[in-house]
Amino acid sequence: MLVESILRSLNGLRFVPQRRRPGVTTGERRSPRRGRSLEFADYRDYTPGDDPRRVDWNVYARLERPYIKLYEDEEDLTVHVLLDSSPSMQWREENEQASPKWNCAAQLAMAMCYIALTSGDRLVIETSTKARFGPKRGATAISSFIEFIEREALPAEVADGRVPANRVTQVTHLNSWWKRYALDAKPGLCVIISDFLDPEGYVEGLNALGAGRLDVNILHTLSTAELDPEFSGDLRLRDIETAAAQDISLDDALITQYRRRLNQFTTELADFCRRRGGKYHLINTSESAEKIILRDLRKEGWII
Amino acid sequence: MNILNPVALLAGLLAIPIILLYLLRLQRREQSVSSTMLWQQVILDREANTLWQKLRRNLLLLLQLLTLAALVLALIRPYINMPSTLSGRLMVLLDGSASMLATDSPPSRFEDARSAVGKLIDELGPNNEMSIILVDGSPHAIASATTNKSDLHAALDHAQPSPSPSNWNAAIALASASSGGTGADGASTTVVVSDGANAEDLQQLAGNVRFLPIGVNGDNLAISNLSIRKTTRGLAAFIRVTNLGSQDDKVLVSVRSDHTLLDARTLNIPAGQSENWTINGIDPQISWVRGSIDEAGHNTLLIDDVAYVVNGISNIRHVLLLSPGNRFLEQALAVLPNLQVTRAITPSAQPDGKPYDLYVLDGVSMTLPVRANAMVIGNQSFFTTSGTFSNTAFARSEQHPVLDSVDWRSINASEVRRVNAPAWLKPLVESTSGPVLFAGEMPGESAPLGRVVLLPFALRSSDLPLQVAFPILIANSVDWLAPPQGLNIAASIKPGEVVALPRNTIVTLPDGNRVAVDQRGFAQTDQSGVYHASYKELNTPFAVGFSSPAESQITPHPDLQIGGSTPSSEVVPQSSQREIWGWLAVVALLLLITEWWIYQRGVPALQRKKF
């Protein structure tokens, strides 16, 4: 998990939403609604029923027509963090103590939550096991969030593939998860942390989130073994989620072909996300979370 | 290329079980991955699970099949027809004499000859035997009737030329004895590899004979003679330098004695001519003289550029042989070293008036000078006799230097005079009828007057001259009657020659090393120079030097007369089968090692993680 010094360096940072979304309560984000803040926004014609106290009498004196003075409204921003906690996200080598991929994803999720909570946003986090944390406000929720993440960790024998994951847990597909989530989600900023390695795809789920007025931003987390596989020889690849086997004889040509296919996969996902106004960032989980957050995401305008 | 064992091709069928075993053996290593989604898409792109893909991917299987192919190819014993100059049993006479040290074809003629014989070994067919005889002063076989080329090359590599003249007659006798029959394919070939020096008109050799001439030119200068003699002004050294080449030459010659330079001179010697040079007034006390060619324009053989002679005049013993003529006695005396024999029918004195060291009286009487040593044979007038006897059956003999190594038991004489010998003349051998050999020292007033050995029978009436004991008896008698001043060593020793020296003699070599002589004599005469032999109080120098006009004549002979005919030096093209199964076996071994290494370490091109 992120050390305290890193968390402190996240103080003062806040998410940059792509567009204004109506909030739930009064907050520090500009709302698309007109409200009661002190910042002037616009005029509109007086209509019967309007509060006469909001008529701008100076304008009436000059134009002899009543105009209502509108002010900006400031509401909170709901930040949705969707953390994929499927077995593929927690995969690790048999000889590894912990999954680097899951560690990275959890750290990123924690950082996202910390930024949201410390900047006064409303936080909701949900994992692919339908476990939900929030909605929460305020930095005091951080400690309980850590426990929430730790509960999502799979047993070691499942994470390293010794026991098929489908015997221990029910595998949730991304599309069904996100479509369900979009049904009752408040409009806001959505950060998805996932490897998107789902045979059923992700398009329907992302479309559903977009339709629920969520600005979808993607942190695509892939491990080094997925980005640059070092396997060779005659192998039987075993999918830790489905326990499906795939016989393969790896050589240079096949590795090259895999890299080409992976590049196509990430490019398609990035294009899909950006076409909908979202942000996309591909993460090698061997990189440090601090570097990803404080350098890469700030540089790409995720946070300021 | 042809094959000798086509049936072995059936072994190629072993490839089938290898492939089957591979297919059965193929067990994939299991690896868990986060998702097979992308891999499935990749495999859909390229149907990677086909049988051909499995086989193509597996380098180990390929190497196993290649190993099998190499072994099968080796088993069918393929061979290629190679042009060969030789077939059957081969006898190589490799000239290792002094002339082969000539450097007209650098580094030396012998290295050229070694290279030529090496090529012969390489051309040798699988069933052809080869023997190599190194022809030097004492020819010997360095490889005997072997088909093992490694052994032949090893023997050839160890062969070294010796600074001695070649003994071709002994070499040809050895070759004839060795070649005995014919080779496996019925042919026998003798190849003479030589420069032809000292190899003229050799004896007939059985089978085919070929001559491989060695050498380029015959430019050589040699000290063909070096001697010293006593004159009224001390010693005089005589040196003769011969230009054996085809070009006139200017030569710097130096003469040293006991490491002191006596004189040096530049001589202009026309081609084929000699120049003589005499140096007078040399101190008679010097022990040896060395002559050397220090500089010359065209000189390719260096071993004959140095000659040594020791001042051994005092060791010469003068013998007067008074005899009506006896070939056995003359021959027995002639072979003894440091002996100057004067044969006469009537008594005479030395030219300088001095008495002889030894008088041998063979049936002839004379008045001997005072203090004379004499060997008296047969009829004599010094001692009275009383009849004769003929029964000479051996009875007993005394221990005496004259009888050292002499076996008298089988010696008989038909008529022996019965001598009334004085007391000092002791009978050494007695027969059943009386003494047949006397020896003694005639006493004088202050010193002995002389020594006498008496054989009281004529050699013609005895079988003694036909016995092995005769030359030994003569040699023992001469050494006892006139003992040499120093050790009895011949004045001129050739390199490699064995010198007969008493046991435990200490010999100091020219390089300063000291060697004790064992019972077999002294054989370490490889160095040219002056040796010093010490035995008890005697200290005698002797010189070992190369002096062989025939070996110094190094002009290469393009032809050689062997048995009255001239063997061809042309290569007669023949064909020999050279099998290549050995190379194929090596390839199979390398493939097997590679396969093992890859199995242990993984495919080098795919150094990724293995499970």
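Residues numbered from 1 in each chain as written. Chains lettered and ligands numbered in written order. Predicted model: local features only at pLDDT ≥ 70, side-chain atom pairs only at ≥ 80, totals over all residues. Heavy atoms only, no water.

Undergrad: Which residues make up the overall build of chain A, and what are the values?
TA: Along its length, chain A carries 11 helices and 10 strands. When each of the 304 residues of chain A is scored for burial, the buried share is 53%. The contacts in chain A between residues at least 6 apart in sequence include a share of 72% that link residues at least 24 apart. Looking at chain A as shown, the accessible area adds up to about 13900 Å², and 47% of this sits on carbon and sulfur atoms. (Helix = DSSP H or I, 4+ residues; strand = E, 2+ residues; numbered from the N terminus. Buried < 20%, exposed > 50% of the residue type's maximum accessible area, 1.4 Å probe, protein only. Contact = heavy atoms within 4.5 Å. Areas by Shrake-Rupley, 256 points an atom, 1.4 Å probe, with all protein chains shown as cover.)

Undergrad: Please provide a residue-by-residue account of the overall build of chain B, values included.
TA: Looking only at helices and strands, chain B features 11 helices and 31 strands. Counting every position in chain B, which comprises 611 residues, the buried fraction comes to 46%. Put simply, 69% of the contacts in chain B that link residues at least 6 apart link residues at least 24 apart. When the accessible area of chain B is evaluated, it comes to approximately 29900 Å², of which 53% is carbon and sulfur surface.

Undergrad: For empty space enclosed by the protein, give the residues involved together with the corresponding values.
TA: Per the counting criterion, the structure on display carries three cavities of 30 Å³ or more. Considering only enclosed or pocket space, the largest cavity measures out at about 100 Å³ in volume. If you trace the largest cavity, you find it lined by A:Trp91, A:Leu197, A:Ala225, A:Glu226, A:Phe231, A:Tyr258, B:Val33, B:Ser34, B:Ser35, B:Leu38 and B:Trp39. Counting residues per element, the ones that place at least two in the lining of the largest cavity are α9 (224-227) of chain A together with α2 (37-45) of chain B. Among the residues forming the lining of the largest cavity, the class breakdown is eight nonpolar, two polar and one charged. (1 Å grid on protein atoms, 1.4 Å probe; cavity = no way out; pocket = protein on both sides within 12 Å on 5 of 7 lines; lining within 4 Å. Points joined across faces, edges and corners; volume = space filled by probe spheres on them. Nonpolar A, V, L, I, M, F, W, Y, C, P; charged D, E, K, R; others polar.)

Undergrad: An account of the nonpolar core is needed here, citing residue identities and associated values.
TA: A:Phe15, A:Val81, A:Phe145, A:Ile193, A:Leu219 and A:Ile293 are the most contacted members of the largest nonpolar core, which has 43 residues in total. Elements supplying a minimum of two residues to this core: β3 (78-83), α3 (100-118), β4 (122-127), α4 (142-151), β6 (188-194) and α11 (289-299) of chain A. If one sorts the elements of this core by residue count, α3(A) sits on top with 14 residues. Look past the residues within four positions of A:Leu219 in its chain and what remains in contact with it is A:Leu108, A:Met112, A:Val191, A:Ile192, A:Ile193, A:Ser194, A:His281, A:Ile283, A:Leu297 and A:Trp302. Counting residues in each nonpolar core, the second largest holds 41 residues, with A:Leu82, A:Tyr202, A:Tyr280 and B:Met37 among its members. (Core = buried A, V, L, I, M, F, W, Y, C linked by side-chain atoms within 4.5 Å.)

Undergrad: Can you lay out the sheet that holds strand β12 (residues 260-269) of chain B for me, pointing to particular residues and giving the numbers?
TA: Residues and elements named next belong to chain B. Taking strand neighbours across the sheet as the criterion, the four strands line up as β12-β11-β14-β15 in an open arrangement whose pairing is antiparallel. The sheet is open, and its two edges are formed by β12 and β15 (306-310), each paired on a single side. Averaged over all pairs of adjacent strands, the angle between their axes in this sheet comes to 20°, without regard to strand direction. (Pairing = 2+ DSSP bridges. Axes fitted to C-alpha atoms, helices over the stretch in contact; angles between N-to-C directions.)

Undergrad: I'd like a rundown of the packing of aromatic side chains, residues and numbers included.
TA: To describe a pair of aromatic rings, you give the distance between the ring centres and the angle between the ring planes. Residue and element names in this part refer to chain A. For the structure on display, the rule yields 15 aromatic pairs over all chains. Put simply, the rings of Trp177, Trp178, Phe196, Tyr202, Phe265 and Phe272 touch in pairs and so form one group of aromatic residues. The ring of phenylalanine 272 carries arginine 276 above its face, with NZ or CZ at 3.6 Å from the centroid. (Phe/Tyr/Trp six-rings, centres within 6.5 Å; stacked < 30°, edge-to-face > 60°. Lys NZ or Arg CZ within 6 Å of the ring centre and 35° of its normal.)

Undergrad: So what's going on with the sheet that holds strand β10 (residues 280-284) of chain A? Residues and values would help.
TA: All names here are of chain A. With mixed pairing, six strands are arranged side by side in an open sheet as β5-β4-β3-β6-β7-β10. The open sheet has two free edges, formed respectively by β5 (132-136) and β10, since each of these has just one partner strand. Across the sheet, the mean angle from the axis of one strand to that of its neighbour is 15°, orientation sign disregarded. Where β3 meets β4, six bridges bridge the pair, whose relative direction is parallel. From the neighbouring strand, leucine 82 faces β4, where its bridge partner is glutamate 126.

Undergrad: Requested: an account of the layout of surface pockets, with residues and values cited.
TA: Residue and element names in this part refer to chain B. In this structure, the largest pocket occupies an estimated 860 Å³ of space. Lining the largest pocket are 29 residues, with Asp479, Asn488, Ala500, Leu501 and Pro502 positioned closest to its centre. Looking at which element gives the most residues to the lining of the largest pocket, the answer is helix α9 (residues 469-481), with six residues. Looking at the lining of the largest pocket, its residues break down into 20 nonpolar, five polar and four charged. When we break the lining of the largest pocket down by domain, the ones giving at least three residues each are domain 4 (314-481) and domain 5 (496-544). (Domains from an automatic or database assignment.)

Undergrad: How would you sum up the pattern of salt bridges? Please name residues and give values.
TA: Residue and element names in this part refer to chain A. Considering all chains together, one arrives at 24 salt bridges over all chains under this definition. Note that glutamate 287 is salt-bridged to lysine 291, the shortest N-O span being 3.3 Å. Using a relative accessible area of 28% as the deciding quantity, one classes glutamate 287 as partly exposed. Where aspartate 296 meets arginine 295, a salt bridge forms, and the shortest distance between an N and an O atom there is 3.3 Å. Connected through shared salt-bridge partners, Glu126, Arg132, Arg180 and Asp184 make up one network. (Salt bridge = Lys/Arg side-chain N within 4 Å of Asp/Glu carboxyl O.)

Undergrad: Give me the lowdown on a nonpolar patch on the surface, citing residues and values where you can.
TA: Judged by side-chain polarity, B:Val7, B:Leu10, B:Leu13, B:Ile16, B:Leu20 and B:Leu23 come together as a nonpolar surface patch covering roughly 590 Å² of accessible area. With respect to the secondary-structure elements, B:Leu13 resides in the loop between β1 (2-3) and α1 (15-25). (Patch = residues over 30% accessible without salt bridge, like charges linked within 9 Å, V, L, I, M, F, W, Y side chains within 5 Å.)

Undergrad: Break down α11(A) for me, citing the residues and quoting the values.
TA: Residue and element names in this part refer to chain A. Along α11, the residues that are buried comprise Ala289, Ile292, Ile293, Asp296 and Leu297. The buried residues of α11 occupy an angular sector of 125° when the element is viewed end-on, so they sit on one face. On its buried face, α11 sits against α3, β7 (214-222) and β10. Phi turns positive one or two residues past the end of α11, at glycine 301, with a value near 80°. (Arc of directions from axis to C-beta.)

Undergrad: For the packing of α3(A) against α11(A), give the residues involved together with the corresponding values.
TA: Geometrically, a packed helix pair is captured by the angle between its two axes and the distance between the axes. Residue and element names in this part refer to chain A. Between α3 and α11, the shortest axis-to-axis distance is 9 Å and the interhelical angle comes to 50°. With respect to each other, α3 and α11 are oriented oblique. As for how α3 packs across α11, the hand of that crossing is right-handed. Of the residues in α11, those in contact with Cys104, Gln107, Leu108, Ala111, Met112 and Ile115 of α3 are Ala289, Ile292, Ile293 and Leu297. Here the residues of the contact of α3 with α11 sort into nine nonpolar, one polar and no charged. (Parallel < 35°, antiparallel > 145°, perpendicular 65-115°, else oblique. Left-handed = near helix turned anticlockwise from the far one by under 90°.)

Undergrad: Pulling in residues and values, what's your account of helix α8 (residues 327-334) of chain B?
TA: Residue and element names in this part refer to chain B. Of all the residues in α8, the buried ones are Leu329, Ala332 and Leu333. Angularly, the buried residues of α8 cover 95° about the axis, an arc narrow enough to put them on a single face. Away from the buried face of α8 by more than 90 degrees, exposed residues Arg327 and Ala334 are located. The secondary structure elements touched by the buried residues of α8 are β16 (317-322), β17 (339-344), β18 (358-362), β19 (374-377) and α9. Measuring from the backbone nitrogen of phenylalanine 328 back to the side-chain oxygen at the start of α8 gives 3.1 Å, which picks out asparagine 326 as the cap. (Polar contact = N/O pair within 3.5 Å; in protein donor to acceptor, adjacent residues only side chain to side chain.)

Undergrad: Now, about the environment of B:Ala145: what can you tell me, with residues and values included?
TA: Within the secondary structure, B:Ala145 sits in strand β6 (residues 140-146). Residues B:Ala145 and B:Met91 lie 54 residues apart in sequence; the distance between their C-alpha atoms is 8.2 Å.

Undergrad: Tell me about the confidence of the model for chain B, and name the residues and values.
TA: Residues and elements named next belong to chain B. Residues with a pLDDT of 70 or more make up 90% of chain B, whose mean pLDDT is 82. pLDDT under 50 marks residues 604-611. Its contacts with residues more than four places away, or in other chains, come to 26 contacts. The ipTM for the predicted assembly is 0.76, set against a pTM of 0.46. (pLDDT = per-residue confidence, 0-100.)

Undergrad: Describe the packing of α8(B) against α9(B), naming the residues involved and giving the relevant values.
TA: All names here are of chain B. At a minimum axis separation of 9 Å, α8 and α9 run at an interaxial angle of 55°. The angle between the axes of α8 and α9 places the two elements in the oblique class. The chirality of how α8 crosses α9 is right-handed. Every residue of α9 that contacts α8 at Phe328, Leu329, Ala332 and Leu333 is listed here: Phe470, Ile474 and Val478. Taken together, the residues that form the contact of α8 with α9 break down as seven nonpolar, no polar and no charged.

Undergrad: Before we move on, could you go through the pairing of strand β5 (residues 130-135) of chain B and cite the residues and values that matter?
TA: All names here are of chain B. Burial runs high along β5: six of the six residues are buried. The side-chain alternation of β5 yields two buried faces, one formed by Met130, Ile132 and Leu134 and the other by Ser131, Ile133 and Val135. Alignment of strand β4 (residues 89-95) against β5, held across six bridges, turns out to be parallel. Counted as the bridge partner of leucine 93 is isoleucine 133 from β5. One crossover worth recording links β4 to the parallel β5 by way of helix α5 (residues 109-123), and it is right-handed. Where β5 lies against β6, four bridges are found, and the strand directions are antiparallel. Within β6, the position partnered with isoleucine 133 by the bridge is alanine 141. Turn length for the β5-β6 hairpin, with the two strands adjacent in sequence and antiparallel, is four residues. (Right-handed = clockwise from strand over helix to strand, strands pointing away.)

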